[in-house]
Amino acid sequence: MTADLSPAMLDQWYPVLISSELRDEPVSAMLLGQQIVLFRTSKGVHAFKDLCIHRGVPLSLGRIEGDELVCAYHGWRYDGCGACVRIPSLPPERAIPDKAKAIAYSCIEEHGIVWASIGRPETEKPNFFSHMNADHKVVRMGPYELEAAGPRIVENFLDVSHLMFVHEGLLGDSRYSEIQDYRVNEAEGVLRTDEIVVFQPDADGRGKSMNSHYVYEVYGPFTAALVKRNPDNGELFHLFLAVLPITETKSRAFMLKARSYDLEAPDEAFVSFQDTLIEQDRVMVENQNPDLLPLDLQAELHLVCDRMSIAYRQRLKAWGVTFGTA
Ligand code: FES
Ligand code: CO
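Per chain, residue numbering runs from 1 following the sequence as it is written. Ligands are numbered from 1 and chains lettered from A, in the order in which they are written. Reporting in this predicted model follows two pLDDT cut-offs: at least 70 for local features of residues, and 80 or more for side-chain atom pairs to be given and counted; totals over whole chains, interfaces and linings ignore these cut-offs and use all residues.

Peer 1: Even after reading the chapter, I still don't get helix 4 (residues 268-285), so can you show me in this structure?
Peer 2: Residue pairs spaced three or four apart in an α-helix point in one direction, given the helix's 3.6 residues per turn. Starting at the N terminus, helices and strands are each numbered in turn, a helix being any DSSP run of H or I of at least four residues and a strand any DSSP run of E of at least two. A helix is expected to reach a length of 1.5 Å times the quantity of its residues less one. Between its first and last C-alpha, helix 4 extends 25 Å over 18 residues, near the 26 Å set by a 1.5 Å rise per residue. To sort residues by exposure, count the other C-beta atoms lying within 10 Å of each residue's C-beta; 20 or more gives buried, 12 or fewer gives exposed, and values between give partly exposed, all with C-beta atoms placed from the backbone. Within helix 4, burial applies to Phe270, Asp281 and Val285. All buried residues of helix 4 lie within an arc of 40 degrees about the axis, which places them on one face of the element. Residues of helix 4 that are exposed and point over 90 degrees away from its buried face: Glu268, Ser272, Glu279 and Val283. Contact between residues is assigned whenever the C-beta positions, reconstructed from backbone atoms, fall within 7 Å. Contacts from the buried residues of helix 4 go to strand 11 (137-146), helix 2 (150-157), helix 3 (163-166) and strand 18 (250-259). Of all possible arcs, the one meant is that of the directions from the helix axis to the C-beta atoms.

Set out below in structure tokens:
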């Protein structure tokens with residue numbers, strides 16, 4: 001099945017688990033329809049294909065002992081790099097076969113999230129971290145389990161004209177629903193809109209109305225961000241979205257919100273505000289038809305306010321993203 005996955009999909013970092021979900025037991029997960037196992041040793045986090053080469057049992061049924069992943073079926077032991085270091089049934093004078101290996105993938109832990117890639121990621125960390133301001137306070141939100149295609153979720157995140165309807169009273173007001181025209185620019189592989197002004201009755205959960213200035217950004221097939229700026233005082237927040245495409249129609253959405261203000265304030269209010277917004281979005285993205293995002297631009301009807309969605313669809317097509325698209 002990986003044969004169908006283009007490098008643009010394979011070589012991404014994907015958020016899989018939050019750190020607290022990975023303790024002293026291996027955990028199975030699915031990424032682009034592939035079953036993987038994640039586990040933690042004293043050296044850090046690791047991800048393998050969830051399959052023991054001996055008899056095809058999922059390694060996630062096993063256990064961790066002394067920094068080794070032990071298969072539940074016949075006790076073969078794998079180190080953190082995937083090498084089989086002991087086969088209990090083999091007499092000691094017999095060498096461990098060279099082929100006795102697990103398929104190891106790239107895996108890191110960053111901002112309280114365990115990230116994995118089943119391809120060859122070009123950067124040591126997800127590339128959007130380089131857009132995060134080190135002075136900002138970063139809060140993790142989610143993960144949100146959604147019965148929706150990853151690209152539908154990303155596109156909903158980039159959709160400015162739903163704010164006044166799906167999030168009316170919070171992120172928009174249907175009396176002020178007209179969207180000014182804007183352009184989508186590209187620099188260093190990032191798609192970015194001009195600033196778009198949106199009147200927001202409650203811009204960030206603190207009950208304050210303002211004319212927020214929005215910039216949307218796309219970094220990869222399943223990663224996007226928005227920057228919201230308060231023009232009166234320059235306060236900024238940067239909301240990063242990274243989606244784990246589990247199957248074509250099932251996803252896990254992770255968010256990191258980096259804010260330049262109220263650095264000492266408790267994070268709970270920001271998180272619960274986002275939880276509310278996601279439940280509103282859920283009704284849309286879980287019910288869109290077709291489930292998969294159509295890349296043929298004739299398939300749905302676009303307006304000028306949808307320029308970012310159009311650019312995102314075109315980019316998915318250029319990247320050869322077939323997972324979650326039609
Ligand atoms: Fe894993 Fe035999 S199937 S050790
Ligand atoms: Co929304």
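Peer 1: Would you explain the sheet that holds strand 1 (residues 14-18) in this entry?
Peer 2: Hydrogen bonds between backbone atoms are what pair the strands of a sheet, whose relative direction is either parallel or antiparallel. Ordered in space as 1-10-9-4-3-2, the six strands form an open sheet in which the pairing is antiparallel. Looking along the sheet, the strands with just one partner apiece sit at the ends: strand 1 and strand 2 (27-31). On average, each strand axis in the sheet is tilted by 35 degrees relative to the strand beside it, whichever way the strands run. Only strands that DSSP links by at least two bridges are regarded as paired with each other. To define axes, lines are fitted to C-alpha atoms, for helices over the stretch in contact only, and angles between the resulting N-to-C directions are given on a 0 to 180 degree scale.

Peer 1: Hey, could you run me through the domain arrangement of the chain in this one?
Peer 2: Many authors give the size of an interface as the accessible area that is lost as the parts come together. Domain boundaries in the chain define domain 1 (2-117) and domain 2 (127-319). Segment limits for the domains were obtained from an automatic or database-derived domain assignment. Computed over C-alpha atoms, the centres of domain 1 and domain 2 are 33 Å apart. Contacts between the two partners involve 16 residues from domain 1 and, on the opposite side, 15 residues from domain 2. If you list the elements that add at least two residues to the side of domain 1 that touches domain 2, you get helix 1 (7-10), strand 1 and strand 2. For the side of domain 1 that touches domain 2, the element with the most residues is strand 1, which contributes four residues. Residues were grouped as follows: Ala, Val, Leu, Ile, Met, Phe, Trp, Tyr, Cys and Pro as nonpolar; Asp, Glu, Lys and Arg as charged; and all remaining residues, including Gly, as polar. Class assignment for the residues of the side of domain 1 that touches domain 2 results in ten nonpolar, five polar and one charged.

Peer 1: I'm lost on helix 5 (residues 307-319) in this one. Help?
Peer 2: Given a rise of 1.5 Å per residue, 13 residues ought to cover 18 Å, and the 18 Å separating the end C-alpha atoms of helix 5 matches this to within 8%. Listed as buried for helix 5 are Arg307, Met308, Ser309, Ala311, Tyr312, Arg313 and Leu316. Of the surrounding secondary structure, the elements contacted by the buried residues of helix 5 are helix 2, strand 12 (184-187), strand 13 (190-193) and strand 15 (210-220). Directly beyond the C-terminal end of helix 5, a positive phi value near 70 degrees is found at glycine 320.

Peer 1: What am I meant to see in the packing of helix 2 against helix 4 here?
Peer 2: Helix-helix packing: each pair is described by the crossing angle between the helix axes and the interaxial distance. Following both chains from N to C, one finds helix 2 and helix 4 inclined at 125 degrees, their axes separated by 11 Å at the closest point. It follows that helix 2 is oblique to helix 4 by the angle criterion. By crossing handedness, the relation of helix 2 to helix 4 is classed as right-handed. Listed contacts from helix 4 to Arg152, Ile153 and Asn156 of helix 2 are Asp281, Met284 and Val285. Here the residues of the contact of helix 2 with helix 4 sort into three nonpolar, one polar and two charged. An angle below 35 degrees is treated as roughly parallel, one above 145 as roughly antiparallel, one from 65 to 115 as roughly perpendicular, and anything else as oblique. Each crossing gets its hand from how the near helix is turned against the far one by less than a right angle, where anticlockwise is left-handed and clockwise is right-handed.

Peer 1: Quick question: what am I supposed to make of the sheet that holds strand 8 (residues 84-86) here?
Peer 2: Spatial ordering of the open sheet is given by 5-6-7-8, a layout of four strands whose pairing is antiparallel. Looking at which strands have only one partner, the edges of the open sheet turn out to be strand 5 (63-65) and strand 8. Direction of pairing for strand 7 (residues 77-78) relative to strand 8: antiparallel, over a ladder of two bridges. Bridge pairing in strand 8 links arginine 77 to arginine 86.

Peer 1: Explain the pairing of strand 12 here, please?
Peer 2: Where a strand is regular, its side chains alternate between the two sheet faces. Relative to strand 13, strand 12 runs antiparallel, the two being bridged by four bridges. Bridged to asparagine 185 within strand 13 is arginine 192. Counted along the chain from strand 12 to the antiparallel partner strand 13, the turn is two residues long, and its residue glutamate 188 has a positive phi close to 50 degrees.

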